[in-house]
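# Descriptive analysis of the structure
What follows is each chain in one-letter form.
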Amino acid sequence: MNIPNFNELMEKARAVQEKMSEAKEATRSITVTGKAPVTAKPLVEVTMDGAYHLTTVNIDDSLWQEQDKEMIQDLIASAVNNAADNLKQASKDKMADVAKELDLPPGFDNFIK
């Protein structure tokens, strides 16, 4: 029976912790966009940083001409939600890359958030 060396296990655990911490820090520097509608020419486009803070909101001039407050509010909410979904996926992808780099089992990154 091959019993792993405790010191080796602890070293591996420290390496995993360090890499995951670096990955979390890297996700804070991610910038994503959200669009509504999600098309090549959205009416509302927002930019969100890795801390889920909006950094820009761009509203197409045509919306101001229509003066439909409810539609503008709905489009802004939709764009923000789209950006949050995009950031969540980008963060998940980053953690999965780190887990793969560390040769961790698939899905292990879900336990470290």
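So, a few notes on the structure that sits alongside this text. The model shown is predicted, which means the values in this text are computed figures rather than measured ones.

Given 3.6 residues to a turn, an α-helix orients residues that are three or four positions apart in the same direction. With 23 residues, helix H1 (residues 6-28) should reach 33 Å at 1.5 Å per residue; the first-to-last C-alpha distance of 33 Å fits that figure. All of the buried residues in H1 are Val16, Met20, Ala23 and Thr27. The N-capping residue of H1, defined by a side-chain oxygen 2.7 Å from the backbone nitrogen of asparagine 7, is asparagine 5.

For helix H3 (residues 69-101), built from 33 residues, the straight-helix expectation of 48 Å at 1.5 Å per residue is met to within 8% by its first-to-last C-alpha distance of 48 Å. For H3, the full list of buried residues reads Ile72, Leu75, Ala79, Asn82, Ala83, Leu87, Ser91, Met95, Val98 and Ala99. The secondary structure elements touched by the buried residues of H3 are H1, strand E1 (31-36), strand E2 (44-49), strand E3 (54-59) and helix H2 (61-66). With its phi angle positive at about 60°, aspartate 103 sits one or two positions after the end of H3.

Quick look at the pattern of salt bridges now. Inspection of every chain in the model, using the stated rule, returns four salt bridges. With a shortest N-O distance of 2.9 Å, lysine 19 and glutamate 101 are connected by a salt bridge. Of the two residues, lysine 19 sits in helix H1 while glutamate 101 sits in helix H3, which places them 82 residues apart along the sequence. You can call lysine 19 partly exposed: its relative accessible area is 29%. One salt bridge in this structure joins lysine 41 and aspartate 60, with 3.1 Å as the shortest N-O distance. In this pair, lysine 41 sits in the loop between E1 and E2 while aspartate 60 sits in the loop between E3 and H2, placing the two residues 19 residues apart along the sequence.

We now examine a negative patch on the surface. Together, Glu66, Asp68, Glu70 and Asp74 make up a negatively charged patch on the protein surface. By secondary structure assignment, the location of aspartate 74 is in helix H3. Looking at aspartate 74, the relative accessible area reads 55%, which means it is exposed.

A separate point is the pairing of E1. Put simply, side chains in a regular strand alternate between the two faces of the sheet. Of the two faces of E1, the one lined by Val32, Gly34 and Ala36 is fully buried and the one lined by Thr31, Thr33 and Lys35 carries no buried residue. Sheet analysis places E1 next to E2, joined by six bridges and oriented antiparallel. Following the sheet pairing, threonine 33 is matched in E2 by threonine 47.

This paragraph deals with the side chain of threonine 27. Considering the arrangement of structural elements, one finds threonine 27 in helix H1. Residues in contact with threonine 27, not counting those within four places in the same chain, are Gly50, Ser91 and Lys94.

In this structure, proline 37 follows alanine 36 across a cis peptide bond, with omega equal to -15°. Phi at glutamine 67 is positive, roughly 50°, even though this residue is not glycine. Structurally, glutamine 67 can be placed in the loop between H2 and H3.

What counts and what doesn't
Residues numbered from 1 in each chain as written. Predicted model: local features only at pLDDT ≥ 70, side-chain atom pairs only at ≥ 80, totals over all residues. Heavy atoms only, no water. Helix = DSSP H or I, 4+ residues; strand = E, 2+ residues; numbered from the N terminus. Expected span 1.5 Å × (residues − 1). Buried < 20%, exposed > 50% of the residue type's maximum accessible area, 1.4 Å probe, protein only. Polar contact = N/O pair within 3.5 Å; in protein donor to acceptor, adjacent residues only side chain to side chain. Contact = heavy atoms within 4.5 Å. Salt bridge = Lys/Arg side-chain N within 4 Å of Asp/Glu carboxyl O. Patch = residues over 30% accessible without salt bridge, like charges linked within 9 Å, V, L, I, M, F, W, Y side chains within 5 Å. Areas by Shrake-Rupley, 256 points an atom, 1.4 Å probe, with all protein chains shown as cover. Lys, Arg positive; Asp, Glu negative; His and termini not counted. Charge placed at Lys NZ, Arg CZ, Asp CG, Glu CD. Pairing = 2+ DSSP bridges.

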